[in-house]
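Observations on chain architecture
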Amino acid sequence: MKFTEEHEWLRADDDEDDVVTVGITEHAAEQLGDLVFVELPEEGITVAKEDEVVVIESVKAASDIMAPVDGEIIEVNSALIDNPALVNEDPLGKGWFFKMKVADMSDLDAMMDEAAYKKFI
Amino acid sequence: MTDTLLTTPLHALHLELGGKMVPFAGYDMPVQYPPGVMKEHLHCRAHAGLFDVSHMGQVILRPRSGNVADAARALEKLLPQDVIALKTGRQRYGFFTNDAGGILDDLMIANRGDHLFLVVNAACKEADIAHMRDALSKTCKVEEITDRALVALQGPDAESVLAAIAPGAADMQFMDVATHDSDFGPLWVSRSGYTGEDGYEISVAADRAEDFARALLDHDSVQPIGLGARDSLRLEAGLCLYGNDIDASTTPVEANLVWGMQKARRAGGAREGGFPGSDVILRQIEMGPPRLRVGLLPDGRAPMRQGTALFAAEDADAAIGAVTSGAFGPSIERPLAMGYVSIDHSGVGTKLWGEVRGKRLPVTVAEMPFRPATYKR
C-alpha cells in the first residue's frame, strides 16, 4: 500500500497489475469529521494527476479528493452515495472511493509506504 | 502580535475531555469532543447534552429606583419587545435594533424580581453593554457579570438530571426563570436553550462551575457537546445565529422574527414604536418586507453552505437570494439551510435552485422548524 501527502492511499489490485484502489487514510477521515455527502466521478473518464475527481462534504466543510496519478477511472464505490459514513467507519476498506487503471505504475515508486506516512503525519 | 484567546471557567475540563479547541468570538472553545459532531448532535436529542456557553455575556440591569418596571420601561427604548408585561420569573427572546431597523444583537431578557437579567451574544457583548450604558445609565446600573459561568443542559433527560441537583428545576415551564440553591451555590436557572429541545440554561459561580459540570457529566445520559453540534441543533430548530442569519443589515421583519415583537409595541399597541428603527420596522410589518428569511431543503444530498446563491430558475441570470446557514441535519438525516429570498419567492413549497460548485441544484422553501421543538409548556 502507498500513501500520498494528500492523505490518500493506493492499494494494488490482486489480479490486474496496473489497477489500484484509492481511498483516504484514517487520519484524514478523522480530521474531516463525519462525511455527509460524496460526489463520485463517472466511470471511464481519463484523469490527470491532481485533477479533482471526488467532492466530499463533512459536517464541517467541503473538500476535494485528487487523482493521485494519471490514468482512467474504471470503477467507483457507489455505496458511498447513500452511505457516506462508510468512509469514517472503514476508511481503508469499505470506504474506498474509486479504482483506476494507472498510466505509469512507476509513478507509485516515489510515494510513501506505511512507515513513511506514519512519520509524515 | 498574536491575540490571546480568552478562556471560560470550564477550559481545563474541555481539554481533559478531549475537546478540539478553536477560536470563537475571542474565546478558545471546543468545536467537538472525541465522538464528533454527528454523534454529539444525536446524543443531545436522545438523552442530554452539556454546553459551555460561558463566553456569552451575562448582564444585570438594576433599576436605580429599586422598581424593576423602571428598568423594563428604559430597556424598551432599545428594543421592540414588551418588557413591561414580562412577569417576575419569566424570560423572553428579544433583539436590539438600530436606527435603520437592523438587528444589533439578539438576546434573552429575564425578569428576576428586582432586576432584569440579560444574556447576549459573545461577539456583541462589549458593544451591547456600551449601548445600554449610553442609553440607560440614568435609570439603571448596567452590571456585566464576569464571575459566573453559563452552561446549557439540553435534551429529554435534562429535567431528571438537573432535578437531582436542584429539585425545583422540575417544576419550571418553558421560559421560566428561578434561583435554586444547590451544593454548587445558587444556580440562576432558566428553562430554555437554543437546540429546540427541552432543557435549561444555568448560571453558576465561576469557581464552582467545573464541579457543577462534573456532577452533570456523572450522569450516563449527559455528554459534553461542542460548537459544531450546537450549530446543527439550532439550525434544525430554525433558530438564527447572529452574524450569519441576522445582523445590522437585516430587519426583524425580513428575518421572520415578528413573532418576537409583542402587540404592545406594534402599530395600534399601547406603547407603539419608540425603539430604534421603529418607523422602518412598523412600515415593513404593514407593507411587507422586500425579502424574507426562509427554511430551505435541498432536494439532493449535497449541503448548501453559507453564501450559496439562490435562483428562481435553473438558467436564471440574477440571484434572488442566498443561504445564510447551511449544513447537514443529523436528526432529519438530510441537508438543510436557511437564507434570504425575495418576497415573491418565499412561499413554502417554492422550488428554487442553489449554485453549488458551479452547478445549479434544486432546493425547496420549507417550513421551520425543520424538527418540532420539544419545549415543556
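Worth saying up front: this structure is predicted, and the values here are computed from it rather than measured. (Residues numbered from 1 in each chain as written. Chains lettered and ligands numbered in written order. Predicted model: local features only at pLDDT ≥ 70, side-chain atom pairs only at ≥ 80, totals over all residues. Heavy atoms only, no water.)

1. Notes on the overall build of chain A
On a plain count of helices and strands, chain A comes out with four helices and nine strands. When the helices and strands of chain A are placed in sequence order, the string is β-β-β-α-β-β-β-β-β-α-α-β-α. Here the C-alpha atoms of chain A give a radius of gyration of 13 Å, agreeing with the 14 Å that 2.2 N^0.38 yields for 121 residues. For chain A, the spread of C-alpha atoms along the principal axes amounts to about 35 × 35 × 25 Å. (Helix = DSSP H or I, 4+ residues; strand = E, 2+ residues; numbered from the N terminus. Rg over C-alpha atoms; globule rule 2.2 N^0.38 Å.)

2. Topic: helix α2 (residues 37-46) of chain B
Every α-helical turn comprises 3.6 residues, leaving residues that sit three or four positions apart pointing alike. Of all ten residues making up α2 of chain B, seven are buried, and the element is well covered by its neighbours. Burial in α2 of chain B covers these residues: V37, M38, E40, H41, H43, C44 and R45 of chain B. (Buried < 20%, exposed > 50% of the residue type's maximum accessible area, 1.4 Å probe, protein only.)

3. Let's talk about the UniProt feature "modified residue: N6-lipoyllysine" (unreviewed entry) in chain A
Annotation from UniProt places "modified residue: N6-lipoyllysine" (unreviewed entry) at K60 of chain A. Setting aside residues up to four positions removed in sequence, K60 of chain A forms contacts with Q31, L32 and G33 of chain A together with K20, Q32 and R305 of chain B. (UniProt positions renumbered as here; feature names shortened; annotations may be inferred. Contact = heavy atoms within 4.5 Å.)

4. A look at the UniProt feature "binding site: substrate" (unreviewed entry) in chain B
As recorded in UniProt, the feature "binding site: substrate" (unreviewed entry) lies at E201 of chain B. Excluding anything up to four places from it in sequence, E201 of chain B contacts L150, V151, A152, W188, V189, S190, S192, G193 and Y194 of chain B.

5. Topic: the interface of chain B and chain A
Contact with chain B, which involves 13 residues of that partner, is made by 16 residues of chain A. Between chain B and chain A, the buried area comes to about 1200 Å², and carbon and sulfur atoms account for 47% of it. The largest per-residue losses of area from chain B upon contact with chain A belong to R301, R305 and R357 of chain B, which jointly make up 46% of the total buried on that side. In this assembly, chain B and chain A are joined by three salt bridges. We note a salt bridge from R357 of chain B to E57 of chain A, for which the minimum N-O separation is 2.9 Å. The interface formed by chain B and chain A includes nine residue pairs in polar contact (both at pLDDT 80 or more). The leading source of residues in the side of chain B that touches chain A is α2 of chain B, at three residues. Its residues assigned to classes, the side of chain B that touches chain A shows five nonpolar, two polar and six charged. (Buried area = accessible area lost by both parts, 1.4 Å probe. Salt bridge = Lys/Arg side-chain N within 4 Å of Asp/Glu carboxyl O. Polar contact = N/O pair within 3.5 Å; in protein donor to acceptor, adjacent residues only side chain to side chain. Nonpolar A, V, L, I, M, F, W, Y, C, P; charged D, E, K, R; others polar.)

6. Describing the pairing of strand β19 (residues 359-366) of chain B
All names here are of chain B. Relative to β19, strand β14 (residues 291-298) runs antiparallel, the two being bridged by four bridges. Paired with L296 across the bridge in β19 is V365. Bridge analysis of strand β18 (residues 351-356) against β19 gives six bridges, and the strand direction is antiparallel. Paired with L352 across the strands is V363, a residue of β19. Here β18 hands over to β19 after two residues, with R357 in that stretch at a positive phi of 50°. (Pairing = 2+ DSSP bridges.)

7. Regarding the domain arrangement of chain B
All names here are of chain B. The domains assigned to chain B are domain 1 (11-53 + 147-236) and domain 2 (290-377). In this structure, domain 1 and domain 2 have C-alpha centres spaced 30 Å apart. Contact with domain 2 buries surface across domain 1, with F174, L235 and E236 losing the most and accounting together for 44% of the total. The interface formed by domain 1 and domain 2 includes two salt bridges. A salt bridge links R371 to E197; its shortest N-O distance comes to 3.1 Å. (Domains from an automatic or database assignment.)

8. Things to note about a negative patch on the surface
Together, E5, E6, E50, D51, E52, D64, D70, D104, D107 and D109 of chain A line one region of the surface with negative charge. Checked against the element boundaries, D107 of chain A lands in the loop between β9 (98-102) and α4 (114-120). (Patch = residues over 30% accessible without salt bridge, like charges linked within 9 Å, V, L, I, M, F, W, Y side chains within 5 Å. Areas by Shrake-Rupley, 256 points an atom, 1.4 Å probe, with all protein chains shown as cover. Lys, Arg positive; Asp, Glu negative; His and termini not counted. Charge placed at Lys NZ, Arg CZ, Asp CG, Glu CD.)

9. Here we look at the packing of aromatic side chains
Centre distance and the angle of the planes are the two values used to describe a pair of aromatic rings. Under the defined criterion, the tally for this structure stands at seven aromatic pairs over all chains. Each ring, one from F3 of chain A and one from Y117 of chain A, has its centre 4.8 Å from the other, and the planes form 10°; the classification is stacked. Of this pair, F3 of chain A sits in strand β1 (residues 2-3) while Y117 of chain A sits in helix α4; the two residues are 114 residues apart in sequence, bridging distant segments of the chain. Residue class for F3 of chain A comes out buried when judged on its relative accessible area of 5%. Between the aromatic rings of Y93 of chain B and W259 of chain B, the centroid separation amounts to 5.5 Å while the plane-to-plane angle is 15°, which identifies the pairing as stacked. With Y93 of chain B in strand β5 (residues 90-97) and W259 of chain B in the loop between α7 (227-236) and α8 (278-287), this pair connects stretches of sequence that are 166 residues apart. (Phe/Tyr/Trp six-rings, centres within 6.5 Å; stacked < 30°, edge-to-face > 60°.)

10. Focus: the side chain of T97 of chain B
Residue and element names in this part refer to chain B. Counting through the fold element by element, T97 comes out in strand β5. Look at T97 and you get buried, because its relative accessible area is 0%. In contact with T97, not counting residues within four places along its chain, are L78, P80, G102, L104, P252, F275, P276 and I281.

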